[in-house]
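Each chain, letter by letter, is given below.
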Amino acid sequence: SCQQTASRRLKMIKGHVEAQETAWVMKNIQPLDFFPKGDLKGKTLLITGASRGIGLAIGLRAAKDGANVAVAAKTTEPHPKLPGTIYTAAKEIEEAGGKSLAIKCDIRDEESVKEAIQKTVDTFGGIDILINNASAISLTTTPLTPMKKYDLMHSINTRGTYMMSKYAAEHLAKSENPHILNISPPLDMFSQNTNWFAPHVAYTMAKYGMTLCAYGMSGEFKEEGIACNTLWPRTAIATSAVKNLLGGDAVMRMSRTPEIMSDAAYIILTSDSRKTTGGFYMDDEVLASNGEDHMEKYNCIKGARNDDLAADYFS
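Keep in mind that what you see is a predicted model, and the values were worked out from it rather than measured.

S.K.: Can you lay out the nonpolar core for me, pointing to particular residues and giving the numbers?
M.R.: Note on soluble globular proteins: their nonpolar side chains tend to be buried together. Formed by 73 residues in total, the largest nonpolar core has its most connected members in Ile117, Leu231 and Val286. Not counting residues up to four positions away in its chain, the partners in contact with Ile117 are Leu46, Ile127, Met164, Tyr167, Ala168 and His171.

Below, the structure is given as structure tokens:
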């Protein structure tokens, strides 16, 4: 259950986090190395599913540096349960200090993807970073998953990520520090303790398809210097998907804010792409390795204990 919490031993990472028994940090006790290579000023990011949630948070963090952000998503009209459109997101990015481009894009459609990429290149002169964030979710068992829903998840999550990466690659190869970052879980699917596939096979397959894209392309695009990594949250993140599909206000109160993901993404995206590739990162591990030892600041409920947070499905 997403409301179950785990008890893990927190290990010291580069001296910034004291060892103690608690939840949420860290499965990987080895320090993660990053190689800062400037900020994101003037860099161009193309982010799928950026009208709200984690995608928008990453765009806003980049905007603080003065980045160009192409918001690629389907939502053009307000939805009563899903606040945010490509236009409201673009406005927020401009207000945060960046330049924006709102692009209506269905990443299931090849021509729509090619058009989104070309619009980004025509507007900003190239692409430095691709964030594959758009996803469909259905946490249903095999008998209860309609094939239409199965097809939707795979066409958006795996196929959409592959197709965006395929057509963006030639432009990324021209960048000084190109990155592809997929918002998908780490490749430890064969854990002896937990079968992550069992509760929702179709969704897990679709998300791991995104991770396999990063794994394979990190080798394929190594010569071009295009970093390909994944990033995933340790806990539930307070997004519209969590509120509407995964537990409502109760789980929202046990979640962290999207800023923990955007801050972690920023560290990865500003690291040397030739030295930072093929990684399967967890948000808190990235931040702890960079000196952050106050994860509680990301808790939705101020004063909430880390042990009260809801675990993500793959952590």
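S.K.: Account for the side chain of Lys43, with residues named and values stated.
M.R.: With respect to the helices and strands, the residue Lys43 is situated in the loop between strand S2 (20–22) and strand S3 (44–48). Buried within the structure, Lys43 lacks any salt-bridge partner; its nearest side chain of opposite charge belongs to Glu176, at an N-O separation of 4.1 Å. When neighbours within four sequence positions are excluded, Lys43 is seen to be in contact with Ala67, Asn68, Asp128 and Glu176.

S.K.: Can you break down the packing of helix H1 (residues 53–63) against helix H8 (residues 259–269) residue by residue, with the values?
M.R.: At a closest axis distance of 8 Å, the pairing of H1 and H8 adopts a crossing angle of 50°. Compared by their axis directions, H1 and H8 come out oblique. In this structure, the crossing between H1 and H8 has a hand that is right-handed. Residues Ile54, Ala57, Ile58 and Arg61 of H1 form the contact with H8, whose participating residues are Glu259, Met261, Ser262, Asp263, Ala265 and Tyr266. Looking at the contact of H1 with H8, its residues break down into 6 nonpolar, 1 polar and 3 charged.

S.K.: Tell me about the pairing of strand S8 (residues 227–232), and please be specific about residues and values.
M.R.: Across the 6 residues that make up S8, a large majority, 6, are buried. Covered by surrounding structure in S8 are Ala227, Asn229 and Leu231 together with Cys228, Thr230 and Trp232, the residues of both alternating faces. With 3 bridges connecting them, S8 and strand S9 (residues 280–282) associate as parallel partners. Residue Thr230 lies in a different strand from S9, and its bridge partner there is Phe280.

S.K.: Report on the confidence of the model for the protein, specifying residues and quantitative values.
M.R.: Scored by pLDDT, the protein has a mean of 87; 84% of the residues are at 70 or more. Confidence drops under a pLDDT of 50 for residues 1–29, and excluding neighbours within four residues, the segment shows 82 contacts in the predicted structure.

S.K.: Now, about the sheet that holds strand S5 (residues 99–104): what can you tell me, with residues and values included?
M.R.: Across the sheet, which stays open at both edges, the 7 strands sit in the order S5-S4-S3-S6-S7-S8-S9 with parallel pairing between neighbours. Looking along the sheet, the strands with just one partner apiece sit at the ends: S5 and S9. Ignoring which end each strand starts from, the neighbouring axes of this sheet average 20° apart. Two elements, strand S7 (residues 179–183) and S8, share 5 bridges in a ladder whose sense is parallel. Bridging from a neighbouring strand, Ile183 pairs with Leu231 of S8. Sitting on the sheet, helix H3 (residues 110–124) touches S3, strand S4 (68–73) and S5, and the angle it makes with S5 is about 160°. The strands that helix H4 (residues 147–172) touches are S3, strand S6 (129–132) and S7; relative to S6, the one it contacts most, it runs at about 175°.

S.K.: Outline the packing of aromatic side chains, listing residues and values.
M.R.: Two descriptors summarise a pair of aromatic rings, namely the distance from one centre to the other and the angle between the planes of the rings. The full count for this structure, using the stated rule, is 2 aromatic pairs. Ring geometry for Phe34 and Tyr281: centres 5.4 Å apart, planes at 45°, overall tilted. Separated by 247 residues along the polypeptide, Phe34 in the loop between S2 and S3 and Tyr281 in strand S9 bring together distant segments of the chain. For the pair Phe34 and Tyr281, a shared accessibility class is recorded, and that class is buried.

Here is what the cut-offs are and how they apply
Residues numbered from 1 in each chain as written. Predicted model: local features only at pLDDT ≥ 70, side-chain atom pairs only at ≥ 80, totals over all residues. Heavy atoms only, no water. Core = buried A, V, L, I, M, F, W, Y, C linked by side-chain atoms within 4.5 Å. Buried < 20%, exposed > 50% of the residue type's maximum accessible area, 1.4 Å probe, protein only. Contact = heavy atoms within 4.5 Å. Helix = DSSP H or I, 4+ residues; strand = E, 2+ residues; numbered from the N terminus. Lys, Arg positive; Asp, Glu negative; His and termini not counted. Salt bridge = Lys/Arg side-chain N within 4 Å of Asp/Glu carboxyl O. Axes fitted to C-alpha atoms, helices over the stretch in contact; angles between N-to-C directions. Parallel < 35°, antiparallel > 145°, perpendicular 65-115°, else oblique. Left-handed = near helix turned anticlockwise from the far one by under 90°. Nonpolar A, V, L, I, M, F, W, Y, C, P; charged D, E, K, R; others polar. Pairing = 2+ DSSP bridges. pLDDT = per-residue confidence, 0-100. Phe/Tyr/Trp six-rings, centres within 6.5 Å; stacked < 30°, edge-to-face > 60°.

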